[in-house]
Amino acid sequence: MMLLYKNGRFHIGKASFALPDGFYLESDIELTEGSALCAWDPEREYLFRWQYFHDCEGSARELQKWFLPDSGLTPLSEVVPVSIYGLTGHMVLYRSYRPRYCEVRLDLGAGEELSLMVETRQGRAEEIPASPAFRAAWEGLGPGECPEREKDGFGPKN
């Protein structure tokens, strides 16, 4: 994932996000999954992952794919529509054995999506959306100014 950093925001495709004040960037490759920007909230209770996807079938469908048989994931809510600052998508709460998750996927058009996934091992998934850390990250989402990207998602077109 290649991001444009401009005016205190990270831009990718038609979306952007701001890293909330006091967050700690995570560089452990096992936690960042190789193509996500990850950060911990100030209390280190929640791990936030911002990730870009292409060739998607729509945010609702992509989130529903998590819950295929034998995935090891259990939905804790319905997949619900969300919108912020002109961006639209879907959100769902789910769990694996121990971690709990809240994931938002925003549809950017042309099969592109921006995901904001939040993981906790200390609390309940239902607590994530109401937390001050999530609210700060959610309110940091917005439209982007990134130039059109190559099909592989790396860098602007020449």
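Asks: How do you make sense of the packing of aromatic side chains when you look at a structure like this?
Replies: Each aromatic ring pair is specified by the distance between its two centres and by the angle formed by the two planes. Enumeration over the complete set of coordinates arrives at 10 aromatic pairs. Where phenylalanine 23 meets phenylalanine 48, the ring centres are 5.0 Å apart and the plane angle is 55 degrees; that geometry is what we call tilted. In this pair, phenylalanine 23 is assigned in the loop between strand 3 (15-17) and strand 4 (24-26) and phenylalanine 48 in strand 6 (residues 46-53), connecting sequence segments 25 residues apart. The exposure class assigned to phenylalanine 23 is buried, which follows from its relative accessible area of 12%. Relative to phenylalanine 48, the ring of tyrosine 46 has its centre 6.5 Å away and its plane inclined at 80 degrees; by these criteria the two rings are edge-to-face.

Asks: Honestly, the pattern of salt bridges in this entry has me stumped. Any pointers?
Replies: Opposite charge on two side chains permits them to pair, given that their charged atoms come into close proximity. In the structure shown here, the tally under the stated rule is 9 salt bridges. The salt bridge involving arginine 49 is made with glutamate 119; its shortest N-O contact spans 3.1 Å. Here glutamate 119 lies in strand 11 (residues 112-120) and arginine 49 lies in strand 6, a separation of 70 residues in the sequence. The same class applies to arginine 49 and to glutamate 119, which are both buried. Residue arginine 121 is joined to glutamate 119 by a salt bridge in which the shortest nitrogen-to-oxygen separation is 3.1 Å. For arginine 121, a relative accessible area of 46% translates into the label partly exposed. Among the residues examined, glutamate 119 registers a relative accessible area of 6% and is labelled buried. Residues joined by salt bridges that share partners form a network here, namely Glu57, Arg61, Glu62 and Lys65.

Reading guide: rules and limits
- Residues numbered from 1 in each chain as written.
- Predicted model: local features only at pLDDT ≥ 70, side-chain atom pairs only at ≥ 80, totals over all residues.
- Heavy atoms only, no water.
- Phe/Tyr/Trp six-rings, centres within 6.5 Å; stacked < 30°, edge-to-face > 60°.
- Helix = DSSP H or I, 4+ residues; strand = E, 2+ residues; numbered from the N terminus.
- Buried < 20%, exposed > 50% of the residue type's maximum accessible area, 1.4 Å probe, protein only.
- Salt bridge = Lys/Arg side-chain N within 4 Å of Asp/Glu carboxyl O.

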